[in-house]
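An overview of the molecular structure
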Amino acid sequence: IVLEGIFSYLFVAGIRFARRLHHERSERRQRGPDQPAKTTLLIGAGEAGLSIAKEASRSRDLGILVAGFLDDVTGKAGMEIHGTRVLGPIDALVDVLDLQDIDQVFITTTRIPSAKIRDIVETCRGRDVPVRIVPALYEILGSDVSMRMLREIRIDDLLSRDPVKPSLTIED
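**Brief notes about the pattern of salt bridges**
Tallied over the full model, the rule gives four salt bridges. The closest approach of N and O atoms between Lys116 and Asp72, which form a salt bridge, is 3.0 Å. Taken together, the residues Lys116 in helix α4 (residues 114-126) and Asp72 in the loop between β2 (64-70) and β3 (80-81) connect sequence positions 44 residues apart. Exposure remark for Asp72: the relative accessible area of 38% places this residue in the partly exposed category. For the salt bridge of Asp91 with Lys116, the shortest nitrogen-to-oxygen distance reads 3.6 Å. Here Asp91, found in the loop between β4 (84-88) and α3 (93-99), pairs with Lys116, found in helix α4; they are 25 residues apart in sequence, far enough to count as distant. Overall, Asp91 belongs to the exposed group, its relative accessible area being 62%. Overlapping salt bridges bring together Asp72, Asp91 and Lys116 as one network.

Here is the structure:
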């Protein structure tokens, strides 16, 4: 009976492993030829940032090399989280962009005020570095954070209020 349980466990684990291996290989084939990895700076060392860093290190074929995190939590500066160093606060963005060859920036936290997001976008645009952002929780509710969820910066991200729809009618 004990051997039967062990064999059953190994059989089920083997099937799960084979499915995962097949899935990862089929995704790799769909992406096409390998491209050089883009050095990426992650702003925010919270759960979403850690998920993206883990996925980037686990799936090298994504073409993302994480250079480090910037995070305003004082205790995190200088720490190494899952092999990726927290380089300093978000205000150090200019220094990091000047010192390192950063190809793209991902904003991985929704706790940044819109004024700071504007500053980040302006700083990166001035250096021709693209910026992407992780969607807010309500946009990803019920699903895991993944690289495919990163999106371009929208005007809503830069406003500190809900957008107002323009009215095309003239009122007296």
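**Quick look at unusual backbone geometry**
Unusually for a residue other than glycine, Asp128 sits at a positive phi of about 60°. Examined against the element boundaries, Asp128 turns out to sit in the loop between α4 and β6 (131-133). Residue class for Asp128 comes out exposed when judged on its relative accessible area of 68%.

Criteria and cut-off values
- Counting starts from 1 at the beginning of each chain's written sequence and moves along it residue by residue.
- Under the rules for a predicted model, residues below a pLDDT of 70 receive no local features and side-chain atom pairs below 80 are neither given nor counted, while totals for whole chains, interfaces and linings still include all residues.
- Note: side-chain values were computed over all heavy atoms of the structure, leaving out hydrogens and water.
- What counts as a salt bridge is simple: a side-chain nitrogen of Lys or Arg found within 4 Å of a carboxyl oxygen of Asp or Glu.
- In DSSP terms, a helix is any run of H or I states spanning at least four residues, a strand is any run of E spanning at least two, and both are numbered starting from the N terminus.
- Relative accessible area decides the class of each residue, using a 1.4 Å probe on protein chains only: under 20% of the type maximum gives buried, over 50% gives exposed, and in between gives partly exposed.

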